[in-house]
Amino acid sequence: MAERNAHLSARRSLFALALFGISFGYVEAAVVVYLRSIYDPIRAHVYSGFPAGELFPLLKPEHLPDTHLLAVELGRELATLIMLAAIAIAVSHNARTWIAAFGIAFGVWDIFFYLSLKVAINWPASLFTWDILFLLPGPWVGPVIAPVIVSLAMIVGGAGVLIREDRGFPLKIKPVHWGAIVLGGLVVIVSFMWDWRHTMAGNWPHPFNWMLFWIGMLIGGASLAHAWRR
């Protein structure tokens, strides 16, 4: 009976995280639809000749009708991360399961954000369309497929940790594993921010640094896989 209840608990947590991520992804997509209705006319005026719907070159603060809008957007991005962390806290019982739950919520949210945008405004045109991922602490940019790969990895890894935890076989993650996972994540973030000075200057991004991206993914993935085998 205890084992059955543990399995039910795992399924319930995964269902809650997936439901939250799907609905929150739609909400975020709706916000972006509204933002584009505001910024697209400004972009068309500042960067005449660029196709409609393009996100690059980036608008500079002086192009905005009210620079306060940038602060509001940065606050919204921070609130997004806090909300994802909050739902993870609600379904977890230790730091390990909290991180796993956050990864699942984040991954589902990110994927359904793009799916919702595709349905709403037929964007992105493809998985290789460039996007602005975050603005904190500077612009993260890259082709859509890159954050989708990260999100899928977070969902798979997080779900595996939660399922093992509830089945009574918690993942034994040593500090060295945590360090490697964090290092891998930072390397991936650096790959997204690699070109930030160039893009902030109002230029089209250089080719994405796939080598750095995959190095980060391999570091984090290999560390989790090693902990899993132990």
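Residues numbered from 1 in each chain as written. Predicted model: local features only at pLDDT ≥ 70, side-chain atom pairs only at ≥ 80, totals over all residues. Heavy atoms only, no water.

Caption draft 1: Fine view of the side chain of Ser191. Among the structural elements, Ser191 can be located in helix α5 (residues 175-193). At 2.5 Å, the side chain of Ser191 and the backbone oxygen of Val188 are in polar contact. Those residues in contact with Ser191 that lie beyond four places of it in its chain are Phe208, Asn209, Leu212 and Phe213. (Helix = DSSP H or I, 4+ residues; strand = E, 2+ residues; numbered from the N terminus. Polar contact = N/O pair within 3.5 Å; in protein donor to acceptor, adjacent residues only side chain to side chain. Contact = heavy atoms within 4.5 Å.)

Caption draft 2: Focus on the environment of Gly220. By the element assignment, Gly220 lies in helix α7 (residues 210-229). Residue class for Gly220 comes out buried when judged on its relative accessible area of 15%. Spatially, the C-alpha atoms of Gly220 and Gly185 are 6.6 Å apart, while their sequence positions differ by 35 residues. Leaving out residues up to four positions away in the same chain, Gly220 has contacts with Ala180, Ile181 and Gly184. (Buried < 20%, exposed > 50% of the residue type's maximum accessible area, 1.4 Å probe, protein only.)

Caption draft 3: Highlighting the pattern of salt bridges. Throughout the structure, instances matching the rule amount to three salt bridges. Close ionic contact of Glu28 with Arg76 constitutes a salt bridge, the shortest N to O distance being 2.8 Å. Of the two residues, Glu28 is situated in helix α1 (residues 2-46) and Arg76 in helix α2 (residues 68-90); the sequence distance between them amounts to 48 residues. A relative accessible area of 8% means that Glu28 is categorised as buried. Residue Arg96 pairs with Glu165 through a salt bridge whose shortest N-O separation is 3.0 Å. In this pair, Arg96 sits in helix α3 (residues 95-121) while Glu165 sits in helix α4 (residues 145-166), placing the two residues 69 residues apart along the sequence. You can call Arg96 partly exposed: its relative accessible area is 24%. Residue Glu165 is classed as buried on the basis of its relative accessible area of 13%. Taken together, the shared-partner salt bridges connect Glu28, Glu73 and Arg76 into one network. (Salt bridge = Lys/Arg side-chain N within 4 Å of Asp/Glu carboxyl O.)

Caption draft 4: Molecular detail of a nonpolar patch on the surface. Together, Ile89, Trp98 and Ile99 make up an exposed nonpolar region whose accessible area comes to about 270 Å². With respect to the helices and strands, Trp98 occurs in helix α3. What makes Trp98 partly exposed here is its relative accessible area of 31%. (Patch = residues over 30% accessible without salt bridge, like charges linked within 9 Å, V, L, I, M, F, W, Y side chains within 5 Å. Areas by Shrake-Rupley, 256 points an atom, 1.4 Å probe, with all protein chains shown as cover.)

Caption draft 5: Fine view of the packing of α4 against α7. Remark: α4 packs on α7, axes separated minimally by 12 Å, with the N-to-C direction vectors making an angle of 5°. Overall, the two elements α4 and α7 adopt an arrangement that is roughly parallel. Contacts between α4 and α7 involve Ile145, Ala146, Ile149, Val150, Ala153, Gly157, Gly160, Val161 and Arg164 from the first element and Trp210, Phe213, Trp214, Met217, Leu224 and Trp228 from the second. Tallied by class, the residues present in the contact of α4 with α7 amount to twelve nonpolar, two polar and one charged. (Axes fitted to C-alpha atoms, helices over the stretch in contact; angles between N-to-C directions. Parallel < 35°, antiparallel > 145°, perpendicular 65-115°, else oblique. Nonpolar A, V, L, I, M, F, W, Y, C, P; charged D, E, K, R; others polar.)

Caption draft 6: Seen up close, the pairing of strand β1 (residues 130-134). Most of β1 sits inside the fold, with four of its five residues counted as buried. As consecutive antiparallel partners, β1 and strand β2 (residues 140-143) are separated by five residues. (Pairing = 2+ DSSP bridges.)

Caption draft 7: A look at the packing of aromatic side chains. Scanning the model with the defined rule gives 17 aromatic pairs in all. Considering the side-chain rings of Trp98 and Phe102, the 6.3 Å spacing of their centres and the 35° angle between planes classify their relative orientation as tilted. With Trp98 and Phe102 both in helix α3 and four residues apart, this pair spans about one turn of that helix. Ring centres of Trp130 and Phe208 lie 6.3 Å apart, and the angle between their planes is 80°; on these two criteria the pair is classed as edge-to-face. Of the two residues, Trp130 sits in strand β1 while Phe208 sits in the loop between α6 (196-200) and α7, which places them 78 residues apart along the sequence. Residue Phe208 is classed as buried on the basis of its relative accessible area of 11%. Lying over the aromatic face of Trp123, Arg36 brings its terminal NZ or CZ to 4.3 Å of the ring centre. (Phe/Tyr/Trp six-rings, centres within 6.5 Å; stacked < 30°, edge-to-face > 60°. Lys NZ or Arg CZ within 6 Å of the ring centre and 35° of its normal.)

Caption draft 8: Structural detail: the nonpolar core. Judged by nonpolar contacts, the single largest core of 42 residues is most densely connected at Leu17, Tyr114, Phe192 and Phe213. Listed by contribution, the elements that provide at least two residues to this core are α1, α2, α3, β1, β2, α4, α5 and α7. Top contributing element to this core by residue count: α3, with ten residues. Excluding its chain neighbours within four sequence positions, the residues that come into contact with Phe213 are Ala146, Ile149, Val150, Val188, Ser191, Phe192 and Phe208. The next biggest cluster of nonpolar side chains, apart from the first, holds five residues, and it includes Tyr39, Ile42, Tyr47 and Leu59. (Core = buried A, V, L, I, M, F, W, Y, C linked by side-chain atoms within 4.5 Å.)

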